[in-house]
Amino acid sequence: MNKSLTLKNHQNQSLNFTLRLYQEGDEQGMIACILDEYGDTYFKRDFYNVDLLEKAAKEGRITFLVAETEDNDIAGMLILKQFYPKEAMCEIASQIFRKKYRGYGLAMPFFMYGMEVLMSKFYSAAFCLPVLFHNITQRLLYRLGLCATGLVINVFDMDKISHSYTNGRNNKHSQGIQVRALWKTDAGVLYIPKEHQTFCQAVYKRLGVDFCIAEPTDPFPKQNRKIVPFHAVYVQPENTDFNWKNDEIQQSLEIYIYQVGKDFKQQISQLHSQIPLKGKQTANIFLNINDVYAVWAYELLQEMGYFFTGLKPLCSGQEYMVLHHCGDVEIYFNDYIVSDEFVVIVDYIKKCYENRCKFVF
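Residues numbered from 1 in each chain as written. Predicted model: local features only at pLDDT ≥ 70, side-chain atom pairs only at ≥ 80, totals over all residues. Heavy atoms only, no water.

Caption draft 1: Up close: the overall build of the chain. Each helix and strand in the chain was counted, giving nine helices and 17 strands. Since a compact globule built from 361 residues should have a radius of gyration of about 21 Å, the 22 Å found for the chain is in line with a globular shape. Within the chain, residue pairs in contact and separated by at least 24 positions form 67% of the contacts whose partners lie at least 6 positions apart. (Helix = DSSP H or I, 4+ residues; strand = E, 2+ residues; numbered from the N terminus. Rg over C-alpha atoms; globule rule 2.2 N^0.38 Å. Contact = heavy atoms within 4.5 Å.)

As structure tokens, then:
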């Protein structure tokens with residue numbers, strides 16, 4: 001699947017590149033790309049280790065792609081990451097170029113090559129978390145059919161990561177969410193708070209998939225010709241099915257809610273007692289909106305100070321709403337560098353942030 005191309009920079013200098021799959025021996029060249037852009041601060045710490053790069057490639061968890069010059073120099077890298085069995089999408093990530101090879105317009109053909117590789121396999125969706133300190137990835141992936149669906153806010157501590165772009169006033173780095181539907185073309189029945197239904201409906205329509213947004217009084221069965229609220233129809237489980245992980249270096253907590261139980265508020269409050277949202281500690285929740293009790297959980301989270309930041313759709317068997325709690329961290333939405341498509345998303349989420357309830361755990 002090698003692809004050869006000749007590109008010119010702004011000085012009209014030509015250079016030949018080959019886009020290809022990783023081969024054993026490429027590791028030092030890939031690490032050189034990371035060091036050139038991030039020094040020793042890149043958050044994917046395994047990518048500095050030759051043995052761990054080899055292991056990830058051999059296990060098939062990550063497909064590494066490289067851009068090689070005619071002099072056999074690794075000019076850039078790109079990864080395709082899969083998450084089986086937890087999720088069924090493929091993430092496009094870590095497109096990093098050596099500084100001396102920038103300006104040749106290599107980013108778009110490299111993404112196109114990555115999409116060719118990705119679409120030769122069987123994934124529910126193509127997925128990306130583009131940075132918000134430049135909009136290059138956002139714009140290029142939009143041209144490849146990936147739609148903006150939301151944000152994952154305050155993920156990385158910018159005092160711990162260095163790069164060649166500017167951060168503005170934000171001291172934690174946020175990411176966009178971009179998705180293109182592949183084999184998953186039906187999102188099922190979605191339980192979404194009324195105030196966000198128009199936003200979510202627009203996202204799923206852009207993705208071009210089937211979906212149904214349930215109303216709070218959907219007539220599941222009818223008893224004596226009366227509409228029964230869905231909370232009265234389905235018996236709520238006692239226990240919440242969820243998992244979480246906290247990156248202690250970046251002070252970023254990630255919580256996935258698979259099924260909302262009666263103990264939901266207790267479980268989330270207990271977790272925040274264990275990991276207080278103080279200083280730079282922040283939290284993002286991914287709430288399964290195929291769950292009948294998703295709206296009830298959303299309302300509890302809203303009372304706790306969480307606010308809506310969009311959707312993570314089509315990436316697994318469940319559809320997810322994303323919510324964020326910024327703790328003590330201020331968010332400067334106007335300092336994000338975003339594409340025209342993301343401007344609409346950011347403006348909407350900014351209003352959610354401004355209207356949030358402040359709750360101290």
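Caption draft 2: Representation of the nonpolar core within the structure. Residues Phe64 and Leu151 are the most contacted members of the largest nonpolar core, which totals 90 residues. It is strand β7 (residues 147-157) that provides the largest number of residues to this core, a total of seven residues. Discounting residues that sit within four places of it in the chain, Phe64 has contacts with Leu21, Tyr22, Met30, Phe47, Leu53, Ala56, Ala57, Met77, Leu78 and Ile79. (Core = buried A, V, L, I, M, F, W, Y, C linked by side-chain atoms within 4.5 Å. Buried < 20%, exposed > 50% of the residue type's maximum accessible area, 1.4 Å probe, protein only.)

Caption draft 3: Region of interest: the environment of Arg169. Within the element layout of this structure, Arg169 appears in the loop between β7 and β8 (172-181). What makes Arg169 partly exposed here is its relative accessible area of 49%. C-alpha of Arg169 to C-alpha of Lys3: the two residues are 166 residues apart in sequence and 41 Å apart in space. The residues contacting Arg169, other than those within four sequence positions of it, are Tyr332 and Asp335.

Caption draft 4: Here's a closer look at the packing of aromatic side chains. Counting across every chain of the model gives 22 aromatic pairs. Linked through ring pairs, Tyr22, Tyr38, Tyr42, Phe43, Phe47, Phe64 and Phe156 together constitute an aromatic cluster. The ring of Phe127 carries the charged tip of Lys312 above its face, separated from the ring centre by 5.2 Å. (Phe/Tyr/Trp six-rings, centres within 6.5 Å; stacked < 30°, edge-to-face > 60°. Lys NZ or Arg CZ within 6 Å of the ring centre and 35° of its normal.)

Caption draft 5: Layout of the packing of helix α3 (residues 107-119) against helix α4 (residues 136-143). Close contact between α3 and α4 brings their axes to 10 Å; oriented N to C, the two are set at 50°. Comparing their axes, α4 and α3 come out oblique. The element α3 and its partner α4 pack so that their crossing is right-handed. Residues Ala107, Met108 and Phe111 of α3 touch α4, and the partners they reach there are Thr137, Leu140, Leu141 and Arg143. Classifying every residue of the contact of α3 with α4 by side-chain character gives five nonpolar, one polar and one charged. (Axes fitted to C-alpha atoms, helices over the stretch in contact; angles between N-to-C directions. Parallel < 35°, antiparallel > 145°, perpendicular 65-115°, else oblique. Left-handed = near helix turned anticlockwise from the far one by under 90°. Nonpolar A, V, L, I, M, F, W, Y, C, P; charged D, E, K, R; others polar.)

Caption draft 6: The pairing of strand β2 (residues 14-21), seen in detail. Pairing of strand β1 (residues 3-8) with β2, which is carried by six bridges, proceeds in the antiparallel orientation. Directly across from Lys8, in β2, lies its bridge partner Ser14. From the end of β1 to the start of β2, which pair antiparallel, there are five residues, and Asn12 there has a positive phi angle of about 65°. Pairing of β2 with strand β3 (residues 62-69) involves five bridges; the strand directions are antiparallel. Residue pairing for β3: Thr18 is matched across the bridge by Glu68. (Pairing = 2+ DSSP bridges.)

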